[in-house]
Amino acid sequence: MGIDILKEIHDNFVNYAYEVNSQRAFPSVVDGLKPGQRACLWEFYTKGYTSNKPHVKSAKASGGIIGSWWPHGDTAIYETFARMSQPWINNIPEIDWHGANGSIKGGPEPASARYTEARLSKASEDGFFANIKKDVVNMIPNFSEDDEWPEVLPAIFPRLFVNGSQGIGYTIANSWLPGNLNEFFEKVKQYCKTGDIDYENIYPDFPSGGIIINKDELKEIYLTGKGKAVVRAKTEIDGNSILITELPYQVYVEPLINSIKELVNKEEITGIRDIYNKCDKNNLLIEIECDGAPKVVLNKLFTMTELQKTYNANQYAMITKVPELLNLKQYIGAYVEHNIAY
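None of these values were measured; they are calculated from a predicted model. (Residues numbered from 1 in each chain as written. Predicted model: local features only at pLDDT ≥ 70, side-chain atom pairs only at ≥ 80, totals over all residues. Heavy atoms only, no water.)

S.K.: It is not clear to me how the packing of aromatic side chains should be interpreted in this structure. Could you clarify?
M.R.: Each aromatic ring pair is described using two quantities: the centre-to-centre distance and the angle formed by the ring planes. Enumeration according to the criterion identifies 22 aromatic pairs in this entry. Aromatic side chains W69 and W149 sit 6.0 Å apart centroid to centroid with 35 degrees between the ring planes, which places their arrangement in the tilted category. Residue W69 is found in the loop between α3 (58–68) and α4 (74–83), and its partner W149 is found in strand β5 (residues 148–150); the two are separated by 80 residues along the sequence. Of the residues examined, W69 reaches a relative accessible area of 5% and is grouped as buried. Each ring, one from F184 and one from Y331, has its centre 5.8 Å from the other, and the planes form 50 degrees; the classification is tilted. Of the two residues, F184 sits in helix α7 (residues 181–194) while Y331 sits in helix α11 (residues 328–341), which places them 147 residues apart along the sequence. (Phe/Tyr/Trp six-rings, centres within 6.5 Å; stacked < 30°, edge-to-face > 60°. Helix = DSSP H or I, 4+ residues; strand = E, 2+ residues; numbered from the N terminus. Buried < 20%, exposed > 50% of the residue type's maximum accessible area, 1.4 Å probe, protein only.)

Shown next, in the form of structure tokens:
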């Protein structure tokens, strides 16, 4: 019997694309989690690594996740729950950390898993697991079919809106910009009362700070599910120096300084005498000492470095078996329906 090679390749590609998109790259609309993130939280919860108990060694948690729920490389698993603990990435971290988990000053890489410890944050316990013992969610077999875990969590925490999400799947990507919890619940109350929402007074809220400079364009994100936010570092000019006290989202101090020095060495930017990293444990401060006019130098830096950065929103999430683009009203509708059902 002959095989139609083109059909076989097509079918295999579709099946593989589905697995990548649904099982790796895209979050569920109802709990805001990708399967790998859900596996991390479930392992912490079922093993009792909770906020009222001591932190557990990260390597031990990684092993449990790989062994029972999510058979991927231990580095990928560790980086997943380390990222869920980082306060400059998440407005409300889902993992409580003990040890070095990167920093906005040096970079996002945590120390080795054998040196760090973790547990669920109190926010995760209340936001994802409050009703879990009431058997309110569907349970599915794990990969080895010797245990069960939730298809989704009974999440009252609107994770997609508050902490955002990024992922690259086949032929499509998703990007949810982080937002403000209080602003979200004002819209939820409006939706529950009227069945509709307005798209005013709601904006991205980046945990690292910065200044959004295209506020007039932000409504498009929530109205259509697509749009952009342009963010600049928070700066001031003091004499001949530029002082930087907040950076755009996911921009790090040392890589930024190195990129500026490289531009100076290539003479692509002139007027900079020296750059000083004056960050301490509690505060971010970069000082750029200028020879020329600081305002001119600053405008060049906004143009040529990550002192100004554009974030494109592409609000896709899994509702059924394929990713769907969602505006804010559709997302709130799914959130409300999930919580009423559970």
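There is more to say after this.
S.K.: Is there a simple way to explain the nonpolar core in this structure?
M.R.: Nonpolar side chains in soluble globular proteins generally cluster together in the buried interior. F81 and I288 are the most contacted members of the largest nonpolar core, which has 89 residues in total. Top contributing element to this core by residue count: α11, with six residues. Once you skip the residues sitting within four places of it in the chain, F81 turns out to touch C40, F44, S58, A61, S62, I65, I95, W97 and A118. (Core = buried A, V, L, I, M, F, W, Y, C linked by side-chain atoms within 4.5 Å. Contact = heavy atoms within 4.5 Å.)

S.K.: Would you mind going over the pattern of salt bridges with me for this structure?
M.R.: Pairs may arise between side chains of opposite charge once their charged atoms sit close together. Within the structure shown, the criterion is met by 14 salt bridges. K278 is the salt-bridge partner of E287, the closest N and O atoms lying 2.5 Å from each other. E306 is paired through a salt bridge with K309; the nearest N and O atoms lie 3.5 Å apart. The partly exposed category is assigned to E306, whose relative accessible area is 37%. Via salt bridges that share partners, R273, E289 and D291 belong to a single interconnected network. (Salt bridge = Lys/Arg side-chain N within 4 Å of Asp/Glu carboxyl O.)

S.K.: Is there a simple way to think about the side chain of N163 in this case?
M.R.: In this fold, N163 is placed in helix α6 (residues 159–163). With a relative accessible area of 2%, N163 lands in the buried category. Within polar-contact distance, the side chain of N163 engages the backbone oxygen of I92 at 2.8 Å. Once residues within four sequence positions are removed from consideration, N163 is found in contact with I89, N90, N91, I92, E94, F157, P178 and Y249. (Polar contact = N/O pair within 3.5 Å; in protein donor to acceptor, adjacent residues only side chain to side chain.)

S.K.: I would appreciate a short explanation of the sheet that holds strand β1 (residues 56–57) in the present structure.
M.R.: Within a sheet, each strand pairs with its neighbour through backbone hydrogen bonds, oriented either parallel or antiparallel. Here three strands make up an open sheet; going across it, the order is β1-β3-β2 and the pairing antiparallel. Unpaired on one side and paired on the other, β1 and β2 (95–98) mark the two borders of the sheet. Bridging between β2 and strand β3 (residues 117–120) involves four bridges; their strand directions are antiparallel. Note on β3: the bridge partner recorded for D96 is R119. (Pairing = 2+ DSSP bridges.)

S.K.: Would you explain the pairing of strand β6 (residues 165–168) in this entry?
M.R.: Residue alternation in β6 divides its side chains into a buried set, S165 and G167, and an unburied set, Q166 and I168. As paired elements, β6 and strand β7 (residues 173–176) share four bridges and run antiparallel to each other. Across the sheet, the residue bridging to Q166 is S175, located in β7.

S.K.: Just checking my understanding: could you explain α3 for this structure?
M.R.: Since one α-helical turn is 3.6 residues long, residues separated by three or four positions face the same way. Of all the positions in α3, only S58, A61, S62, G64 and I65 are classed as buried. All buried residues of α3 lie within an arc of 165 degrees about the axis, which places them on one face of the element. In this fold, the buried residues of α3 make contact with α2 (35–46), β1, α4, β2 and β3. (Arc of directions from axis to C-beta.)

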